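# Working through the structure, step by step
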Amino acid sequence: MALAKFGALPKGGVNRQALSNEEIQARAEIVHWGRSIGLEASSDVAANLFLRYKGVDSNLAPILIGSHIDTQPTGGKFDGAFGVLAALETVEAIISSGMRPLRSIEVVAWMNEEGSRFAPGMMGSGIYSGARKLEDILRIRDKAEVSVETELKKVLSAEPLLPQRPLAQKPAGFIEAHIEQGPILQDERKTIGIVSGIQGKRTFRVQVDGEENHAGTSPRRARRDALVSAVSIISALQEAIWDREDIVRFTVGMLTVSPNAPSVVPARVIFSTDLRHPDAERLRVLGDQIVPICKQAALNCDVTVTELLHDPPLEFPQALRRHLRSIATALEIPHMEISSGAGHDARYLHYVCPTAMIFIPCKDGISHNEAESAAPDDVAAGTRVLAEAAFSIANTE
Ligand code: GLV
Ligand code: MN
Ligand code: MN
């Protein structure tokens, strides 16, 4: 609740987008909380934020726990923030128990998980894990044409007392606690979801170019209306991608029209497509239809399609899932295996170290919405599982 004050919205949600002033303030508060319990704060070139609790042998690779604190423009209080604060509380609990683990434990808040201001998301974890290159993300711009490079400089220069750490530090493991963002745990009356894997995702940016003209005088033959073309493309995509089983997830969530004036024929439309599927081959085939459909349905406008991301589905390692299951069983917390429909920073960490995720229910499965909510008992239960897991892994040689 304290973190949700940074970027608070009138209906109870949060607008704290990546590298914004609200996020700078939230980072300062988290650093303050971490330092007040003796953690060493640092950041890297991608503005990932770390709070380190030094282990007995600080030469051993640390275990990382955390998530992200950036939000969607009409986000909730829990998506990301829960995982970071559960991680902080995990370390706080270990410190107050008087124990020091063998390996260091680092609380992490990855930069720009959401990807709503700067797309695609999971930028910080992508850079950290080597899946993406720094120079590629620096050029990316938001709707106001402000670049990641400019905003990264702003964030890092607002934190002159935060030591910079090198990127290449292979961790011993990563565990991310997160709200489920769907209704399954609530429906099944389970408190913990042990995440089996993450479905695949492809995102595209589509630019449709027509020509400005007078809305009152231009006959049909003189119109190259980019919005009419975009509507034609979007309905063709919806039709082609629709599946009877309702497994495909396909969303056009962003659409900008220029010049966006009531009496001017639209000259340019830019829209996003977000396509997800748990099967790699199906995702490939569906995604490969996007460019030809855009070209076929563009009417008399020009269309340019850019693929921003193609992440295949993945499965987290069985050994860690078994470990989480045994912890939940020992704590007598009802649990089940669950697959993640949403994307997470754990995706990129998975390729560099043993990685796992812990889900807790969120009210009615609602997320990416100001109404997002989670029950205090569930938040506590998820944090207990995280704490047991982090402490035990930090004590393995
Ligand atoms: C993450 O927020 C996602 O869109 O999956
Ligand atoms: Mn999230
Ligand atoms: Mn999210």
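The structure we're discussing is the one just above.
I will try to describe carefully the structure that is included in this document. Predicted model, so just to flag it, every value in this text is computed and none were measured.

Further remarks concern the site of ligand 1. Ligand 1 sits among E113, E114, R276, A342, G343 and H368. Here R276 contributes a side-chain N or O atom positioned 2.6 Å from an oxygen atom of ligand 1. H368 places a side-chain nitrogen or oxygen 3.2 Å from an oxygen atom of ligand 1. Contact with the protein chains removes 90% of the 190 Å² of surface that ligand 1 exposes when unbound. Classifying every residue of the shell around ligand 1 by side-chain character gives one nonpolar, two polar and three charged.

This brings us to the packing of helix 2 (residues 81–96) against helix 12 (residues 376–394). Packed helices, taken two at a time, are described by the angle their axes make and the gap between the axes. Orientation of helix 2 relative to helix 12, taken along the N-to-C sense of each, is 60°, at an axis distance of 9 Å. On the basis of the axis angle, helix 2 is oblique to helix 12. Here helix 2 runs over helix 12; the crossing is right-handed. For the pair helix 2 and helix 12, contact is made by F82, A86, A87, E89, T90 and I94 and by V379, G382, T383, L386, A387, A390 and F391, respectively.

Attention shifts here to helix 10 (residues 318–330). The first and last C-alpha atoms of helix 10 sit 18 Å apart over 13 residues, in line with the 18 Å expected at 1.5 Å per residue. Within the sequence span of helix 10, burial applies to L320, R321, L324, I327 and A328. Along the axis of helix 10, the buried residues cluster in a sector spanning 120°; they form a single face. Facing away from the buried side of helix 10, by more than 90 degrees, are the exposed residues A319 and A330. Lining the buried residues of helix 10 we find strand 6 (192–198), strand 12 (314–315), strand 13 (335–340), strand 14 (355–360) and helix 12. At the C-terminal side of helix 10, E332 shows a positive phi close to 55°.

Most of strand 5 (residues 173–179) sits inside the fold, with seven of its seven residues counted as buried. Where strand 3 (residues 63–68) lies against strand 5, three bridges are found, and the strand directions are parallel. The residue of strand 5 that forms the bridge with L64 is F174. Relative to strand 14, strand 5 runs parallel, the two being bridged by six bridges. Each bridged residue has a counterpart across the sheet, and for I179 the counterpart in strand 14 is I360.

So, on to the coordination of the manganese ion (ligand 3). Coordination of the manganese ion (ligand 3) by the protein comes from D79 (OD), E114 (OE), E114 (OE) and H368 (NE2), over a distance range of 2.1 to 2.4 Å. Going along the chain, you hit the donors of the manganese ion (ligand 3) in the pattern D-x34-E-x253-H. A separation of 3.6 Å is found between the manganese ion (ligand 3) and the manganese ion (ligand 2), both of which receive a donor from D79. Here E114, found in the loop between strand 4 (105–110) and helix 3 (123–129), pairs with H368, found in the loop between strand 14 and helix 12; they are 254 residues apart in sequence, far enough to count as distant. Owing to a relative accessible area of 40%, H368 belongs among the partly exposed residues under this scheme.

Cis geometry marks the peptide bond from A119 to P120, where omega comes out at -5°. In this model, S258 is joined to P259 through a cis peptide bond whose omega is 5°. In this structure, L19 is a non-glycine residue whose phi angle is positive, near 60°. Along the chain, L19 falls in the segment before helix 1 (21–36). With a phi angle near 70°, Q181 is a residue other than glycine that sits in the positive phi range. Structurally, Q181 can be placed in the loop between strand 5 and helix 6 (184–188).

Another point: the coordination of the manganese ion (ligand 2). Those protein atoms acting as donors to the manganese ion (ligand 2) are H68 (NE2), D79 (OD) and H178 (NE2), and they sit at 2.0 to 2.3 Å. Donor residues for the manganese ion (ligand 2) sit on one chain with the sequence pattern H-x10-D-x98-H. Taking relative accessible area as the criterion, H68 reaches 0% and is therefore assigned buried.

Where burial is concerned, most of strand 2 (residues 49–53) is hidden: five out of the five residues are buried. Side chains L49, L51 and Y53 of strand 2 all project onto a buried face; the interleaved residues F50 and R52 project onto the opposite face, where all are buried too. Taking the residues that link successive antiparallel strands as the turn, the strand 1 (residues 40–43)-strand 2 hairpin has five residues, and the phi of A47 there is positive, at about 60°. Bridging between strand 2 and strand 4 involves five bridges; their strand directions are antiparallel. Looking across to strand 4, one finds that F50 is bridged to V108.

Criteria and cut-off values
Residues numbered from 1 in each chain as written. Chains lettered and ligands numbered in written order. Predicted model: local features only at pLDDT ≥ 70, side-chain atom pairs only at ≥ 80, totals over all residues. Heavy atoms only, no water. Near = heavy atom within 4 Å. Polar contact = N/O pair within 3.5 Å; in protein donor to acceptor, adjacent residues only side chain to side chain. Areas by Shrake-Rupley, 256 points an atom, 1.4 Å probe, with all protein chains shown as cover. Nonpolar A, V, L, I, M, F, W, Y, C, P; charged D, E, K, R; others polar. Axes fitted to C-alpha atoms, helices over the stretch in contact; angles between N-to-C directions. Helix = DSSP H or I, 4+ residues; strand = E, 2+ residues; numbered from the N terminus. Parallel < 35°, antiparallel > 145°, perpendicular 65-115°, else oblique. Left-handed = near helix turned anticlockwise from the far one by under 90°. Contact = heavy atoms within 4.5 Å. Expected span 1.5 Å × (residues − 1). Buried < 20%, exposed > 50% of the residue type's maximum accessible area, 1.4 Å probe, protein only. Arc of directions from axis to C-beta. Pairing = 2+ DSSP bridges. Donors = N, O, S within 2.8 Å, 3.2 Å for Na, K, Ca; no water.

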